[in-house]
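Given next are the chains, with one letter for each unit.
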Amino acid sequence: MDALTFGSHRLVHLDLKGAPPRVCYFEKLFPLLRTWGATGLLLEWEDTFPYNRELSQIGSNGLSSLSSGYTVQEARHILQIAGDCGLAVVPLVQTFGHMEFVLKHDEWRSLREVEHFPSSICPSNPRTLPLVKSLIRQIVSFHPDVQYLHIGADEVWHLGLCSVCTKRAASSKYGKPSLYLEHVLAIAQYIQETYPYLKIIIWDDMLRSIDLQVLNEHYIGKYVEPMIWHYNPRDNFVLPHELWDKYTTVFPHIWAATAFKGATGSSQHVPIVRHHISNHEKWLEELSVHVNKVHEFRGTAFTGWSRISTWMNPWQVANNYTNPMQLENLVPAFTELLLELSSLEGYLRFQMESIFFSSMIDEWIGTNIQPMKGKLMELKQTTENQIKLNSRV
Ligand SMILES: [Zn+2]
C-alpha cells in the first residue's frame, strides 16, 4: 500500500477522560509512537484540561472531588514532549454531543437539549455558542502551531427535542439535519474568522444519513473535513459503499479513524487484540478500494477509547457517578426479568405441589428463586434512585 492510500497523517488518539496518565508516562510513550510511525496526536483533553476563568469549573481547576487532570505546567510539558518528538498535536474539543463534561455542572445544566440527559447541548439556546466559543478559544490559544482542530460533533443523540429546537426543525426545509448542520457551520465560521489558518475536522457519523443535496446546500464541504470512523471487526464492518461517493462529492479532504482499544463495551478492562487487528485489516481494504476517489485523503487517526459514558458499577453508584441515559434502558429490562421470574415461580409451585409437601417447595423456591428476585429488585431500586439523582457522568 502506498503513501497516497495512507495519506500523510497518522494520528494517535489520546482519550484523557477518566484516567489520565502521569506526564512521565508520556515521556516514554511519545518517542515510541514516533518510532512506530505516528506523525501526530489527536489530543482529547476533555475535563483534564486546565480551563480557566469562566470555564474553570469544567477542567482540572474545578472543585469536583472526582476531578483529575493536569496543571497548566503539566499540560504545557505534554505539548513540549510531543513537539520534541516531532509529533504534531491536533486538539479535539467536543462542541455538540458528548458534552457531559460541561453539562453535568449546574452552571450549564440549562443548556441540555433534554433536561435529564447531559450528553447533547441545545443549539438554539443563546448561551450555547458563547460557551462553545470559549472552549475553543482556550484550547486553541494553549496549543502553539496548531494546524487542525477537531470539533467532535458525533453522536448527537438528542437533537431537535427541546421546545425551541422542535419548532426550528419543523419550520426548516430539511428538519433536524438543518439544525445539526447550522450549529456545526456557526462554529466552523467562527473558527474560520478567528483562526483563518485552522482546518476543521468533525466525526462523520451524523453526516451519514444526510442527503447529498442537503449537505451541498449548506456548503458544509467548504468548512469542515469529515473523519470517517468505524471500529468494528471485519464481520461487522458496515460502511455503505455509497458513503464514499457522497463524501467525495461534498468534501475535498477526508480522514479515517480506526480503533486500537476501547469501543468494544462499557466495562472492557483489556483490549480484545483480535477485534482491533481485524478492524485495521478491514480498513486497509476499505481504503485501497475507495481512497482514490478522494481529492486528498489526509490520513488516519488511531483511536483509543478510555471510558464509555459511565454505566453502573458499585463504585459509580456509591459516588453517584452514573449516566441517566444509559440507566433508563435498564429499568424495563429489570421489570421484565422480575415478571418472568414471578411467573416461573408460580409455574414451579403448581407443578411441584402434586409431588412435594409445601414446606419443601418453600425451601426450594426460597433457595433458588427468591435470592435472584431480591437481587433484581435491589438493582432496579438502585437504578431508579440513580436516575432520580440524575447525577453526573
Ligand atoms: Zn434545543
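Our subject is the structure listed above.
Now for a description of the structure that goes with this document. (Residues numbered from 1 in each chain as written. Predicted model: local features only at pLDDT ≥ 70, side-chain atom pairs only at ≥ 80, totals over all residues.)

## Quick look at the packing of helix H13 (residues 330-353) against helix H15 (residues 370-389)
At a closest axis distance of 10 Å, the pairing of H13 and H15 adopts a crossing angle of 160 degrees. Classified by the angle their axes make, H13 and H15 are roughly antiparallel. Crossing of H13 over H15 shows left-handed handedness. Here H13 contributes Leu330, Val331, Phe334, Thr335, Leu337, Leu338 and Leu341 to the contact with H15, which in turn contributes Met372, Lys373, Leu376, Met377, Leu379, Lys380, Thr383 and Glu384. (Axes fitted to C-alpha atoms, helices over the stretch in contact; angles between N-to-C directions. Helix = DSSP H or I, 4+ residues; strand = E, 2+ residues; numbered from the N terminus. Parallel < 35°, antiparallel > 145°, perpendicular 65-115°, else oblique. Left-handed = near helix turned anticlockwise from the far one by under 90°. Contact = placed C-beta atoms within 7 Å.)

## So, the environment of Tyr148
Following the sequence through the fold, Tyr148 ends up in strand E6 (residues 148-150). For Tyr148, a count of 20 C-beta atoms within 10 Å puts it in the buried group. Sequence-wise, Tyr148 and Tyr197 are 49 residues apart; in three dimensions their C-alpha atoms are separated by 8.6 Å. Apart from the residues within four sequence positions on either side, Tyr148 is in contact with Val90, Leu198, Lys199 and Ile201. (Buried ≥ 20, exposed ≤ 12 C-beta atoms within 10 Å, placed from the backbone.)

## Some thoughts on the sheet that holds strand E3 (residues 88-91)
Spatially, E3-E2-E1-E10-E9-E8-E7-E6 is the arrangement adopted by the eight strands of the open sheet, whose pairing is parallel. The open sheet terminates on both sides in strands that have one partner only, identified here as E3 and E6. Shown here is a sheet whose adjacent strand axes are inclined to one another by a mean of 30 degrees, direction ignored. (Pairing = 2+ DSSP bridges.)

## Some details on unusual backbone geometry
Phi angles above zero are rare outside glycine, and Asp145 is one such case at about 60 degrees. Along the chain, the position of Asp145 falls in the loop between helix H5 (128-142) and E6. Overall, Asp145 belongs to the exposed group, with 9 C-beta atoms counted inside 10 Å. Even without being glycine, Tyr219 reaches a positive phi, approximately 55 degrees. Tracing the sequence through the fold places Tyr219 in the loop between helix H8 (212-217) and strand E8 (224-229).

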